[in-house]
Amino acid sequence: MLRVKMVKLMLVLIIGLALPQLVAAQQQLTLKDALTFALQNNTKLRKAKLDIEGGRYKVEEVRAQALPTVSGTAGLTYNPIIGQQVVDFGGQLQTLKFGQKWNSSAGVQLSQQIFNQQVFTGLQAAKSSEEYYNLTSQLTEEQIIELVANNYYQVLVNRQQLNVIDTNIKNVKVVEKIVGNQYKNGLARKIDVDRINVNLTNLNTQREQVINGIIQLENQLKFSMGMPVSTQISLPATELTEVTQLPVLTDSIDLANRTEVKLLDNQDKLLSLQRKAYVAEYYPTLSLSGNYTYSSQSNGFDFLNTNATAIGFGSSAIGLTLKVPIFNGFLTRSKVRQADVSIRKAQEDRKESTNSLNLAYENAKIQLRNNLNTINSQRKNANLAQEIYKSTQNNYNNGLASLTDLIDTENALTEAQNSYTQALLNYKVAEIQLIKSNGNIKSLVK
């Protein structure tokens, strides 16, 4: 007996030590925690930040075109047969050998753009491209925040629906026990027991479906956050709060704060610079070049005067090159006109995007008003359905209501509770859209 007690005591101690670890393994996750994690770990956002880094290197690449370039050369040539030239000396033709069997040389060359409008315009475009990648990263952040927040609230709503089903299962089991006792005493029919069992089976089936749906939604939430899907998470129910009044709504919004508009501004700048680069093809270019070369020749093996009999000498040159475009078959003109078309298309895109952003804001306001009305109506409806269910259950217990009435009111209560929870989700989604329309989506992280 003592050994059995000791084993039991050990099991209790082991379980007591393991339970805190199991609880800790399930990560408590508020909305702010989820958004913060996503901004640090989402793959799309990490790639957007890598684009920023790549953009900086692109600027350095374009800047290199305006810096001097220096290159070195070296060569070694062996001439088994030295070429000859025929020379006329006073009517006498003679052949002369030019060169030595071994020739070697080494030199350095330098070139520098002095004036090249295309290069200068390219530098401006590179800086604008770096700004473009920064704005794209910012837009990706906002899209990730919106996605994670929507997924987060969907999990909460489905958990709320699971609570509703669990409560209903509990109520039906109470009825099942009552009907079972009545059937044993001959006060209920077998069909009444079967109907309760069918209703209970349906609720358990719904419960399994909701649980599976919650698992899928949680996996989708973790995926959007960049979190391993195997991680266990727990969402506090207090995150889905009741809504009593609308936020402050304005007649219009300042689109200047929207990242989408800033991207359009940057796109306009890039298109304008592209046009300037094409126009710059009409401009002349001026470049400076210089070189120095040292050569040596000998009949024996030699590299840069290593042979005592070798003859070495140096040479250098400095030059300016002016290139003036005259005619290229209207190629440049065609490029400029294509750029003009792209600029006009961008203007049309701006009109459409601006209208779309205003539309999203107006729709968000309408959805908030409608959803708030729906929340108030469904809250009253759920409370009323709860009262009707309790009254019908009491009447059924006293023989004043049929089982059909009880089941119908139970179904109506479930539907009303789920409709109220769904209305809360719809409001939260519309609220996120409103915050996004105001350009304040990042406030959800604070």
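Note that the structure is predicted; figures quoted are calculated from it, not measured.

Asks: How should I be thinking about the sheet that holds strand β7 (residues 285–298) in this particular structure?
Replies: Strand pairing in a sheet relies on backbone hydrogen bonds. The paired strands run either parallel or antiparallel. Reading across from one edge, β2-β5-β7-β8 is the order of the four strands in this open sheet, with antiparallel pairing throughout. The open sheet terminates on both sides in strands that have one partner only, identified here as β2 (69–78) and β8 (311–323). With strand direction ignored, the average angle separating the axes of adjacent strands in the sheet is 15°.

Asks: Would you take a moment to explain the nonpolar core for this structure?
Replies: The nonpolar side chains of soluble globular proteins are, as a tendency, buried together. Residues L35, V148, Y152, L221, M225, L235 and L444 are the most contacted members of the largest nonpolar core, which totals 26 residues. The set of elements that each furnish at least two residues to this core consists of α2 (31–41), α4 (117–184), α5 (190–225) and α8 (403–437). No other element matches α4, which puts nine residues into this core. When residues no more than four places from it in sequence are discounted, the contact partners of V148 are A34, L35, A38, L221, S224 and M225. Formed by 23 residues, the second largest nonpolar core is a distinct cluster that contains I169, I196, Y389 and Y396.

Asks: How should I be thinking about the packing of aromatic side chains in this particular structure?
Replies: Two numbers describe a pair of aromatic rings. These are the distance of the centres and the angle of the planes. Here the structure, examined in full by the defined rule, presents six aromatic pairs. Aromatic side chains W102 and F301 sit 4.9 Å apart centroid to centroid with 80° between the ring planes, which places their arrangement in the edge-to-face category. One end of the pair, W102, is in strand β5 (residues 102–115); the other, F301, is in the loop between β7 and β8, with 199 residues separating them in the sequence. Residue W102 is classed as buried on the basis of its relative accessible area of 18%.

What counts, and at which threshold
Residues numbered from 1 in each chain as written. Predicted model: local features only at pLDDT ≥ 70, side-chain atom pairs only at ≥ 80, totals over all residues. Heavy atoms only, no water. Pairing = 2+ DSSP bridges. Helix = DSSP H or I, 4+ residues; strand = E, 2+ residues; numbered from the N terminus. Axes fitted to C-alpha atoms, helices over the stretch in contact; angles between N-to-C directions. Core = buried A, V, L, I, M, F, W, Y, C linked by side-chain atoms within 4.5 Å. Buried < 20%, exposed > 50% of the residue type's maximum accessible area, 1.4 Å probe, protein only. Contact = heavy atoms within 4.5 Å. Phe/Tyr/Trp six-rings, centres within 6.5 Å; stacked < 30°, edge-to-face > 60°.

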